[in-house]
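Next come the chains, spelled out residue by residue.
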Amino acid sequence: MDKIRHVPSLQALQALVEVSDSGSFTQAALRLCLTQSAVSRKIQLLESHFGVPMFVRTSRHVRLTPEGEQVLETARSLLAQLKSLEDRLAPQERPFRIRMHVSLAVRWLLPKLSEFYRSHPQVSLSIETVATEVVEPAIDSDAFIHYLPEASRDPDSLTLFKEALVPVCAPGLGDASRPLAAVQDLIHFPLLHRSADRNDWSRWLSANGGRPLEDYRHIPFNLDELALDAAARGLGVAMTDRTLAGESIERGVLVIPFGYPLETRGIYALNLQPSAAAHPDCALILQWFAQQAEQHDGDR
């Protein structure tokens, strides 16, 4: 009956999550601002409650037992639900959280944030970045910005800008002996890729009369940010979205050496999470993003 009436403490469940994530009782204690012995006691409480060990301990590391894995899964779910409930009941006490790709945050949003905070000093944004190609929505975010290969039919999806591919490089990359003035000159320079699949360069070359992709030298990266920085340093010519390179082009750090933007069907879109509606600044923030989208269309 005791186990029915009493449930494990939340602090004990938090300790289980931290030890599992860090693989160390010492690191978990630092994160929780507790002593190592206090963390050990909390894990012991869980083991006493369930009657099974949570971890297998060795001199070098700790790992969860099969029973510990089951408790961990439930602990994560409970803590996430409590956090979500707290955010819904008291949204004014936290910033509006937006999840997006790191290159989009650095190249598109960051240059706009000064203007946003000048206009809305009372609003706080929390930007969470990921480096994966697909930006998945998260339970602890209010909105996420992601790339879609074609326009969404979802009425709640706000298109921020359409993808248009352009080659970019450092000013003066070519010279009289090795010019960079036309597509055929690319054979003398490495092509910088923002992803391993090389699809962007392949599509652009096909549309602009270039050679097959295998005829060129290549330097692959996994982020726009890395490819654009490499281009600015004179390593070669990068293929990227015109909007993402926009600020660097305006500052003269990068130039479009030739050619026309290749408009794909892809878009970058903002989608709200269910928790967003309860946030007091949601409407204002959504309006600001809509203005950025309208301004982008007007500048084209």
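Residues numbered from 1 in each chain as written. Predicted model: local features only at pLDDT ≥ 70, side-chain atom pairs only at ≥ 80, totals over all residues. Heavy atoms only, no water.

Within an unreviewed UniProt entry, the label attached to the protein chain reads Glycine cleavage system transcriptional activator, and the organism entered is Pseudomonas fluorescens.

J.: Requested: an account of the overall build of the protein chain, with residues and values cited.
T.: From N to C terminus, the protein chain includes ten helices and ten strands. Over its C-alpha atoms the protein chain spans a radius of gyration of 25 Å, topping by over 25% the 19 Å that the globule rule assigns to 300 residues. The C-alpha extent of the protein chain, read off along each of the three principal axes, is 85 × 50 × 35 Å. Taking the intrachain contacts of the protein chain between residues at least 6 apart in sequence as the baseline, contacts between residues at least 24 apart amount to 75%. A total of about 16400 Å² of accessible surface is found on the protein chain, and carbon and sulfur atoms cover 52% of it. Positive and negative side-chain charges of the protein chain, numbering 30 and 37 respectively, have mean locations separated by a distance of 5 Å. (Helix = DSSP H or I, 4+ residues; strand = E, 2+ residues; numbered from the N terminus. Rg over C-alpha atoms; globule rule 2.2 N^0.38 Å. Contact = heavy atoms within 4.5 Å. Areas by Shrake-Rupley, 256 points an atom, 1.4 Å probe, with all protein chains shown as cover. Lys, Arg positive; Asp, Glu negative; His and termini not counted. Charge placed at Lys NZ, Arg CZ, Asp CG, Glu CD.)

J.: How would you explain helix 4 (residues 36–50) if you had to name every residue and give the values?
T.: Between the first and last C-alpha of helix 4 there are 22 Å, a value that for 15 residues agrees with the 21 Å anticipated at 1.5 Å per step. One or two positions beyond helix 4, positive phi appears at G51, with a value near 75°. (Expected span 1.5 Å × (residues − 1).)

J.: Can you break down empty space enclosed by the protein residue by residue, with the values?
T.: In total, this model carries one cavity of 30 Å³ or more according to the counting rule given. Taken as a whole, the largest cavity spans an internal volume of roughly 30 Å³. As for the largest cavity, its lining consists of L192, H193, R194, S195, R198, D200, W201 and M239. Of all elements in the fold, only strand 7 (191–193) and helix 7 (199–207) reach the threshold of two or more residues within the lining of the largest cavity. Classifying every residue of the lining of the largest cavity by side-chain character gives three nonpolar, two polar and three charged. (1 Å grid on protein atoms, 1.4 Å probe; cavity = no way out; pocket = protein on both sides within 12 Å on 5 of 7 lines; lining within 4 Å. Points joined across faces, edges and corners; volume = space filled by probe spheres on them. Nonpolar A, V, L, I, M, F, W, Y, C, P; charged D, E, K, R; others polar.)

J.: Could you give an account of the pairing of strand 10 (residues 262–272), naming the residues involved and the relevant values?
T.: Within strand 10, eight of the eleven residues are buried, which leaves the element mostly enclosed by the surrounding structure. Two strands pair when backbone bridges link them, and strand 5 (residues 143–148) and strand 10 are joined in this way by six bridges, in the antiparallel orientation. What sits directly across from A143, in strand 10, is L272. Of the pairings in the sheet, the one linking strand 6 (residues 157–168) to strand 10 comprises seven bridges and is antiparallel in character. In the strand pairing of strand 10, T159 is matched with A269. (Buried < 20%, exposed > 50% of the residue type's maximum accessible area, 1.4 Å probe, protein only. Pairing = 2+ DSSP bridges.)

J.: Please set out the packing of aromatic side chains residue by residue, giving values where relevant.
T.: Summed over all chains, the structure comprises ten aromatic pairs. Aromatic pair W204 and F258: ring centres 6.2 Å apart, planes at 45°, arrangement tilted. Highlighted residues: W204 in helix 7 and F258 in the loop between helix 9 (246–250) and strand 10, separated in sequence by 54 residues. As far as the burial class goes, W204 and F258 line up, both buried. Taking 5.0 Å as the distance between ring centres and 80° as the angle between the ring planes, the aromatic pair formed by W288 and F289 counts as edge-to-face. On the accessibility criterion, W288 (1% relative accessible area) is buried. One aromatic cluster is present, formed by W108, F116, Y117, Y147, F161, Y268, W288 and F289 through successive ring pairs. (Phe/Tyr/Trp six-rings, centres within 6.5 Å; stacked < 30°, edge-to-face > 60°.)

J.: Tell me what's going on with a nonpolar patch on the surface, and back it up with residues and numbers.
T.: Together, L10, L82 and L85 line one region of the surface with nonpolar side chains, adding up to about 250 Å² of accessible area. Relative to the elements of secondary structure, L85 occurs in helix 5 (residues 66–89). Residue classification places L85 among the partly exposed positions, given a relative accessible area of 37%. (Patch = residues over 30% accessible without salt bridge, like charges linked within 9 Å, V, L, I, M, F, W, Y side chains within 5 Å. Salt bridge = Lys/Arg side-chain N within 4 Å of Asp/Glu carboxyl O.)

J.: Describe the layout of surface pockets, with residues and values.
T.: Here the second largest pocket is characterised by a volume of approximately 520 Å³. The wall of the second largest pocket is formed by 21 residues, among which E133, Y147, R194, D224 and Y268 lie closest to the centre. For the lining of the second largest pocket, the secondary structure elements donating two or more residues are helix 6 (102–119), strand 5 and helix 7. Tallied by class, residues from the lining of the second largest pocket come to eight nonpolar, six polar and seven charged.

J.: An account of the domain arrangement of the protein chain is needed here, citing residue identities and associated values.
T.: Assigned domains within the protein chain: domain 1 (10–89) and domain 2 (92–299). On a C-alpha basis, the centres of domain 1 and domain 2 stand 39 Å from each other. (Domains from an automatic or database assignment.)

J.: Give me the lowdown on helix 7, citing residues and values where you can.
T.: All of the buried residues along helix 7 are D200, W201, W204 and L205. Along helix 7, the residues classed as buried sweep out an arc of 120° about the axis, all on the same side. Positive phi appears at G209, one or two residues downstream of helix 7, with a value of about 75°. (Arc of directions from axis to C-beta.)

J.: Got a sec to walk through the nonpolar core? Specific residues and values, please.
T.: F96, L104, W108, L125, I145 and F289 are the most contacted members of the largest nonpolar core, which totals 23 residues. Elements represented by at least two residues in this core include exactly strand 3 (96–101), helix 6, strand 5, strand 6, strand 10 and helix 10 (282–299). What L125 contacts, discounting residues up to four positions off in sequence, is P95, F96, I98, L113, F116, Y117 and I285. (Core = buried A, V, L, I, M, F, W, Y, C linked by side-chain atoms within 4.5 Å.)

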